[in-house]
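# Inside the fold
What follows is the residue order along each chain.
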Amino acid sequence: MSALVVEINKLWTVFPNGEKEFVVHKDLNLSVQRGEVLSLVGGSGTGKTVLLRQILGLEMPTRGEITVLGRPAAEIGRRGAASRVGMLFQQGALFSAFSVLENIAFPLRELNTLPAALIREAAMVKLQMVGLGPDAADKMPSDLSGGMVKRVALARALIMDPPLLLLDEPTAGLDPESSDSFCTLLRSLHRDMGLTVVMVTHDLDTLFELSTRIAVLAEQKVIVNAAPKDVVAFPHPFIHQFFLGERGQRAMELLREYPFTV
Ligand SMILES: Nc1ncnc2c1ncn2[C@@H]1O[C@H](COP(=O)(O)OP(=O)(O)OP(=O)(O)O)[C@@H](O)[C@H]1O
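Residues numbered from 1 in each chain as written. Predicted model: local features only at pLDDT ≥ 70, side-chain atom pairs only at ≥ 80, totals over all residues.

Going by the annotation in an unreviewed UniProt entry, the name recorded for the chain is Putative phospholipid import ATP-binding protein MlaF, with Polaromonas vacuolata given as the source organism.

Taking strand neighbours across the sheet as the criterion, the 6 strands line up as 6-7-8-3-9-10 in an open arrangement whose pairing is mixed. The sheet is open, and its two edges are formed by strand 6 (85-88) and strand 10 (221-226), each paired on a single side. Averaged over neighbouring strand pairs, the angle between their axes works out to 20° when direction is ignored. Pairing between strand 3 (residues 37-42) and strand 8 (residues 196-200): 4 bridges, direction parallel. In the strand pairing of strand 8, Leu40 is matched with Val200. Here helix 4 (residues 146-157) sits on the sheet and contacts strand 6 and strand 7 (164-168); the angle it forms with strand 6, its principal contact strand, is near 165°. (Pairing = 2+ DSSP bridges. Helix = DSSP H or I, 4+ residues; strand = E, 2+ residues; numbered from the N terminus. Axes fitted to C-alpha atoms, helices over the stretch in contact; angles between N-to-C directions. Contact = placed C-beta atoms within 7 Å.)

For the ligand, the full set of nearby residues is Phe15, Val24, Gly42, Ser44, Gly45, Thr46, Gly47, Lys48, Thr49 and Val50. For the shell around the ligand, the leading source of residues is helix 1 (residues 48-55), giving 3 residues. By residue class, the composition of the shell around the ligand is 3 nonpolar, 6 polar and 1 charged. (Near = placed C-beta within 6 Å. Nonpolar A, V, L, I, M, F, W, Y, C, P; charged D, E, K, R; others polar.)

Once that is clear, we can look at the sheet that holds strand 2 (residues 20-33). Taken in spatial order, the 4 strands of this open sheet run 2-1-4-5, and their pairing is antiparallel. Where the open sheet ends on each side, the last strands, each with one partner, are strand 2 and strand 5 (71-72). Each of strand 1 (4-17), strand 2 and strand 4 (63-68) is contacted by helix 1, which is oriented at about 60° to strand 4, the strand it contacts most.

Between helix 2 (residues 100-111) and helix 3 (residues 116-129), the least distance of the axes is 9 Å, while the angle of their chain directions is 125°. Considering the angle they form, helix 2 stands oblique to helix 3. Crossing of helix 2 against helix 3: the hand is right-handed. Only Ile119, Arg120, Ala122, Ala123, Lys126 and Leu127 of helix 3 make contact with helix 2, whose side of the interface consists of Leu101, Ile104, Ala105, Leu108 and Arg109. When its residues are assigned to classes, the contact of helix 2 with helix 3 shows 8 nonpolar, no polar and 3 charged. (Parallel < 35°, antiparallel > 145°, perpendicular 65-115°, else oblique. Left-handed = near helix turned anticlockwise from the far one by under 90°.)

Right, dumping it as structure tokens:
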């Protein structure tokens, strides 16, 4: 298998805006190597979520190519895609009428190729993998804490052991303690499953705890894609404001605290 898991070439994303056009991405290039945790960082509206959805094949770019695991991203949006790419949406997005176990099993059920007992067993394994006990299996989403919702959504994203995992603001809305323990879980899963991860986050703790690389979106493209310590030192007004403004001290502390990233 090639070391390149995601390859984005000359990507344009243009949305209609009244009489005019609104250009979100312009000639954007990005590549993600196997085993990386690549974080996408950028100001509001720079097209981070759109890019994740395009990698997942849920949206088509206006122009350019996105190759995921050697095939066009457009093929991923189809049936059985969960075996190639798992996605953790920002709100967790569980089905409220399904139990925890039914939510986790959903992509396997959809495939309709395995007997129910095997599907149940696979979902129980994933439940354990995300640190939840068997007693959580029959709970309904409304009975779960925010941290548990994220864990169940993660278990569902991983049900078919995809090599690539996409995370949209994985720790948004969690209290600091739940956020920390979710980061620890993501980090051990990344290590143990040999996952490649592409993540969008605004949270500096999450960013420095998990990222092996950071790609910064500005001026409709990726202005830098490098190790965290090199990104922090890159001369650009957005980066200066994001890492070295008010939050600068914190960013520097985090760089020292998480040797994994430097
Ligand atoms: N389907 C669409 N039609 C028109 N405009 C869209 C569509 N989807 C996204 N946009 C616009 O594209 C821009 C990028 O959106 P996106 O959600 O990717 O931003 P983002 O970088 O994730 O921002 P944030 O950090 O605020 O979540 C925004 O201005 C958004 O309004």
